[in-house]
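# Examining the three-dimensional arrangement
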Amino acid sequence: MDWDINDGSYVYHGVALDTKPQIEHIVRLCKSDYEFDIKIVDINGDLFQGNIVRIGPEPALGTTDLKRGDLVFFKDNNIQRLSSNA
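Let us look at the structure shown here.

The rules behind each value
- Residues numbered from 1 in each chain as written.
- Predicted model: local features only at pLDDT ≥ 70, side-chain atom pairs only at ≥ 80, totals over all residues.
- Heavy atoms only, no water.
- Pairing = 2+ DSSP bridges.
- Helix = DSSP H or I, 4+ residues; strand = E, 2+ residues; numbered from the N terminus.
- Axes fitted to C-alpha atoms, helices over the stretch in contact; angles between N-to-C directions.
- Core = buried A, V, L, I, M, F, W, Y, C linked by side-chain atoms within 4.5 Å.
- Buried < 20%, exposed > 50% of the residue type's maximum accessible area, 1.4 Å probe, protein only.
- Contact = heavy atoms within 4.5 Å.
- Patch = residues over 30% accessible without salt bridge, like charges linked within 9 Å, V, L, I, M, F, W, Y side chains within 5 Å.
- Areas by Shrake-Rupley, 256 points an atom, 1.4 Å probe, with all protein chains shown as cover.
- Salt bridge = Lys/Arg side-chain N within 4 Å of Asp/Glu carboxyl O.

### Some details on the sheet that holds strand β6 (residues 81-83)
Backbone-to-backbone hydrogen bonds pair the strands of a sheet. The strands run either parallel or antiparallel. Taken together, 6 strands build an open sheet; the order of strands is β1-β6-β2-β3-β4-β5 and the sheet is mixed. Of all the strands in the sheet, the pair left with one neighbour each is β1 (11-13) and β5 (71-75). For this sheet, the mean angle separating the axes of adjacent strands, direction not counted, is 35°.

### Examining the nonpolar core
Formed by 16 residues in total, the largest nonpolar core has its most connected members in Val27, Ile38 and Phe74. Of all the secondary-structure elements, those providing two or more residues to this core are β2 (26-31), β3 (34-44), β4 (47-56) and β5. In this view, Val27 contacts Phe36, Asp37, Ile38, Ile40, Phe74, Ile79, Arg81 and Leu82; residues no more than four positions away in its chain are not counted.

### Topic: the environment of Ile43
With respect to the helices, strands and loops of the structure, Ile43 is situated in strand β3. Counting along the chain gives 30 residues from Ile43 to Phe73, while the straight-line C-alpha distance between them is 9.6 Å. If we ignore the near neighbours within four places in the chain, the residues touching Ile43 are Pro21, Gln22, Ile23 and Phe48.

### Points about a nonpolar patch on the surface
Together, Val41, Leu47, Leu71 and Phe73 line one region of the surface with nonpolar side chains, adding up to about 320 Å² of accessible area. As for its placement among the helices and strands, Leu47 is situated in strand β4. With a relative accessible area of 35%, Leu47 lands in the partly exposed category.

What follows is the structure, encoded as structure tokens:
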């Protein structure tokens, strides 16, 4: 998947500023007009791996080939928002 690139810093939600993404954190990635919340399950160098937990902003059935639970890969510069796992 070619995720949108974030040219700035990401938004922090429920974590301290400058927290590095870690396993169990939830990140938001974007592709076109869609948002994907992803739970990080593995980190290998600069490549992150996670499961989709939400697709939005509206119920977006049929908008992409992706669905909740799918495993996806992304890099730090794709992250739009970093949240705790709560």
